[in-house]
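# Report on the structure
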Amino acid sequence: MPWNRPLIIGLLVVLLALTWWRLQPGDEEIRHSRLIMGTIVEIMAGGQDPDELEDAIDAAFAEIERLDKLLSRHNPGSDVSRLSQSDKGGKVAAETAEVVALGLDVAQQSGGAFDLTLGRLKSLWGFEKETPTVPDQDALSVALAGTGPTALSLDGQQVSKQAPHLQIDLGGIAKGYAVDRAIAVLKLHGVTSAAVNAGGDMYLLGQRPQTPKHPKRFWRIGLQHPRQKDAVLETVQVRDRAVVTSGDYERFFEQEGIRYHHIFDPQNGLPARHCQSVTIIADSVALGDALATAVFVLGPKAGLQLLTQYPQVEGLIVAVDGTLHTSPDWTRYQVTP
Ligand code: ADP
Ligand code: MG
């Protein structure tokens, strides 16, 4: 049979076009959010078959819900509740041990600015309550008794408490860890392009699928201005990175003109006063989460000093007076306007 050149060329063109179409990330990004860990968790994924993406996103949410059950102070059966109720501590799940190990490391590196033993202090302030109030000095002293970077220790999956009344709070790191695990689940499902955001604890996986609305392939994140609602302080662009922000504008109340927020200085039990917000870019969200809280407590000078201990970690600090302070390689992520 003679070759029909126009037909073959035509078929080849169709085949090439189809291949090109398959290789292009899908235009559709799927985005879902759920209320978990006391915050809105948003997962966005794209670049492949929508049904597969839906399954992957469901599994990632299930993982965050599973970890919340393990790590929450509010679930009576959680590892954290069991540890708080026990006199001496006890055995915990491998995941809890991983969070505690990282938390204790940052507690030590930060000279105790990051502290996993502030459970009583957190309950005392009662930010979850309808009308939180400022506790008196005696109550603060009682809540801080026995807390500190050496009050808790870990040996394998065995957590030991130095004092029976110590209460554990993983609120400064658990959300970050859960986001890391959600990303791991998405990857297991073959997802290569995703963003997971748990109230300012984010991970940006791969490259953003290109669409007419988003022609740039890096993920671009607008960082919230801590004092101007809905204003962007700076834009960063990343791939395969955690971007974590801790701010005094997230959870706070005002009494007699003073702002009281939920990041405590373990030295005095009061809201830390040196910063308005801290953004950390790191490899893992758990580390970024703990460091954002620690740097917030330490303030710009000691905070940037702490970051030098961690390779591949950059930070942007808005000090209490509104001045900006950045680690040396922060500019690598900055989008110049
Ligand atoms: P968010 O939860 O808004 O993302 P953070 O990551 O900064 O903010 O965590 C704040 C939470 O961390 C508080 O609600 C509390 O549970 C816990 N926390 C507060 N102060 C400290 C501290 N000095 N060290 C460790 N955890 C803290
Ligand atoms: Mg934190």
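Since we're looking at a predicted model, the values are computed, not measured.

Reading the values: rules and limits
Position numbers for residues start from 1 in each chain and track the written sequence from start to end. Throughout, the order in which chains and ligands are written sets their labels, letters from A for the former and numbers from 1 for the latter. Local features are withheld for residues below a pLDDT of 70 in this predicted model, meaning they are given only at 70 or higher, and side-chain atom pairs are given and counted only at 80 or more; totals for whole chains, interfaces and linings count all residues. To obtain the side-chain values, all non-hydrogen atoms of the structure were included, while hydrogens and water were left out. Only runs of H or I of at least four residues qualify as helices and only runs of E of at least two qualify as strands under DSSP, and these elements are numbered from the N terminus. Each residue's exposure class comes from its accessible area (1.4 Å probe, protein chains only) as a fraction of the maximum for that residue type: buried when under 20%, exposed when over 50%, partly exposed otherwise. Residues count as neighbours in contact if any of their non-hydrogen atoms are within 4.5 Å of one another. Counted as positive: Lys and Arg. Counted as negative: Asp and Glu. His and the chain ends are not counted at all. Where a charge sits is defined by one atom per residue type, namely NZ (Lys), CZ (Arg), CG (Asp) or CD (Glu). Pairing between two strands is assigned when DSSP locates at least 2 bridges connecting them. For this description, a residue counts as near a given molecule or strand if any of its non-hydrogen atoms is within 4 Å of it. Here a polar contact is taken to be a pair of N or O atoms separated by no more than 3.5 Å, where protein atoms must pair a possible hydrogen donor with a possible acceptor and residues adjacent in sequence count only if both atoms sit in side chains. Note that accessible areas follow from Shrake-Rupley with a 1.4 Å probe, and for residues the cover is restricted to the protein chains shown. Under the scheme applied, nonpolar residues are Ala, Val, Leu, Ile, Met, Phe, Trp, Tyr, Cys and Pro; charged residues are Asp, Glu, Lys and Arg; polar residues are all the others, including Gly. Put simply, a salt bridge is a Lys or Arg side-chain nitrogen that is within 4 Å of an Asp or Glu carboxyl oxygen. Atoms of type N, O and S within 2.8 Å of a metal are treated as its donors, and for Na, K and Ca the window is 3.2 Å; water is not considered, so some sites may appear to be missing partners. What is meant by a nonpolar core is a set of buried Ala, Val, Leu, Ile, Met, Phe, Trp, Tyr and Cys residues, joined one to another through side-chain atoms within 4.5 Å. Axis definition: a line fitted to C-alpha atoms, over the contacting stretch in the case of helices. Angles run 0 to 180 degrees between N-to-C directions. Each residue carries a pLDDT score, the predictor's confidence in it, ranging from 0 to 100. In a helix, the anticipated span is given by 1.5 Å times the number of residues less one.

### Quick notes on the overall build of the protein chain
Helix and strand counts for the protein chain come out as nine helices and 17 strands. Counting across all 337 residues of the protein chain, residues that qualify as buried make up 48%. The contacts of the protein chain with a sequence gap of at least 6 include a subset with a gap of at least 24, amounting to 61%. Averaging the positions of the 31 positive and the 40 negative side-chain charges in the protein chain gives two centres separated by 3 Å.

### A word on the pairing of strand 1 (residues 29-36)
Note: strand 1 against strand 2 (residues 39-46), eight bridges, orientation antiparallel. Opposite arginine 31, over in strand 2, you have methionine 44 as the bridge partner. Taken together, strand 1 and the strand that follows it, strand 2, pair antiparallel across an intervening segment of two residues, in which methionine 37 is found at a positive phi of about 55°.

### Thoughts on the site of ligand 1
Around ligand 1, the structure places 19 residues, and the nearest of them are Lys122, Asp169, Ser246, Glu250 and Asp289. Interatomic distance of 2.6 Å between a side-chain N/O atom of aspartate 169 and an oxygen atom of ligand 1. At 3.0 Å, a side-chain N or O of histidine 262 approaches an oxygen atom of ligand 1. Taken by itself ligand 1 offers 570 Å² of open surface, and the protein chains cover 98% of this. No other element matches the three residues that helix 8 (residues 285-298) contributes to the shell around ligand 1. Within the shell around ligand 1, the residues separate by chemical class into seven nonpolar, five polar and seven charged.

### Remarks on the side chain of aspartate 265
Residue placement: aspartate 265 occurs in strand 13 (residues 264-265). For aspartate 265, which is buried and forms no salt bridge, the nearest opposite charge comes from arginine 273, at a distance of 9.1 Å. Excluding its chain neighbours within four sequence positions, the residues that come into contact with aspartate 265 are Leu270, Pro271, Ala272 and Val297.

### Considerations on the coordination of the magnesium ion (ligand 2)
At 2.1 to 2.7 Å from the magnesium ion (ligand 2) lie its protein donor atoms, namely Gly172 (O), Asp289 (O), Asp289 (OD) and Thr293 (OG1). Here the donor residues of the magnesium ion (ligand 2) are spaced in sequence according to G-x116-D-x3-T. Taken together, the residues span about one helical turn, with aspartate 289 and threonine 293 both in helix 8 at a distance of four residues. By the burial criterion, aspartate 289 is buried, and threonine 293 matches it.

### Quick notes on the nonpolar core
Leu170, Leu186, Ile280 and Leu291 are the most contacted members of the largest nonpolar core, which totals 68 residues. Looking at this core, the element that brings in the most residues is helix 8, giving ten residues. Once residues within four sequence positions are removed from consideration, leucine 186 is found in contact with Ile43, Ala56, Ile57, Ala60, Val191, Ala194 and Val196. Formed by 14 residues, the second largest nonpolar core is a distinct cluster that contains Ile221, Leu223, Ile281 and Tyr333.

### Considering the environment of alanine 184
Tracing the sequence through the fold places alanine 184 in helix 7 (residues 174-188). Sequence spacing of alanine 184 and glutamate 63 is 121 residues, and the spatial spacing of their C-alpha atoms is 9.7 Å.

### Things to note about the pattern of salt bridges
Taken as a whole and assessed by the stated rule, the structure comprises 14 salt bridges. Linking arginine 239 and aspartate 240 is a salt bridge whose minimum nitrogen-to-oxygen distance equals 3.7 Å. Owing to a relative accessible area of 36%, arginine 239 belongs among the partly exposed residues under this scheme. Assessed through its relative accessible area of 27%, aspartate 240 is described here as partly exposed. Three or more residues are tied together by salt bridges with common partners; here these are Glu63, Arg66, Glu95 and Arg181.

### Some points on the sheet that holds strand 4 (residues 152-155)
Sheet architecture is open: three strands sit in the order 3-5-4, paired in antiparallel fashion. Single-partner strands in this sheet number two, and they are strand 3 (89-91) and strand 4. Each adjacent strand pair in this sheet contributes to an overall mean axis angle of 15°, direction not counted. In this structure, strand 4 lies alongside strand 5 (residues 158-161), joined through four bridges in antiparallel fashion. Directly across from leucine 154, in strand 5, lies its bridge partner valine 159.

### With respect to the confidence of the model for the protein chain
Caution applies to low-pLDDT regions: their predicted coordinates should not be interpreted in detail. Put simply, the protein chain has an average pLDDT of 92, and 92% of its residues get 70 or more. Across residues 18-26, confidence stays below pLDDT 50; counting only partners more than four residues off in sequence or on other chains, it has six contacts.

### Structural notes on helix 7
Helix length check: helix 7, at 15 residues, gives a terminal C-alpha distance of 21 Å against a target of 21 Å (1.5 Å per residue), a fit within 8%. With eleven of 15 residues buried, helix 7 is to be regarded as a mostly interior element. Taken together, the buried residues of helix 7 touch strand 2, helix 2 (50-71), helix 4 (94-109), strand 6 (194-198), strand 7 (201-205) and helix 8. Count one or two residues on from helix 7 and you reach glycine 190, which has phi positive near 85°.

### Observations concerning the pairing of strand 2
Two faces belong to every sheet, and in a regular strand the side chains alternate between them. Along strand 2, six of the eight residues are buried, which leaves the element largely enclosed by surrounding structure. Relative to strand 6, strand 2 is paired through five bridges, and the arrangement is antiparallel. Note that in strand 6 the partner of valine 41 across the bridge is alanine 198.

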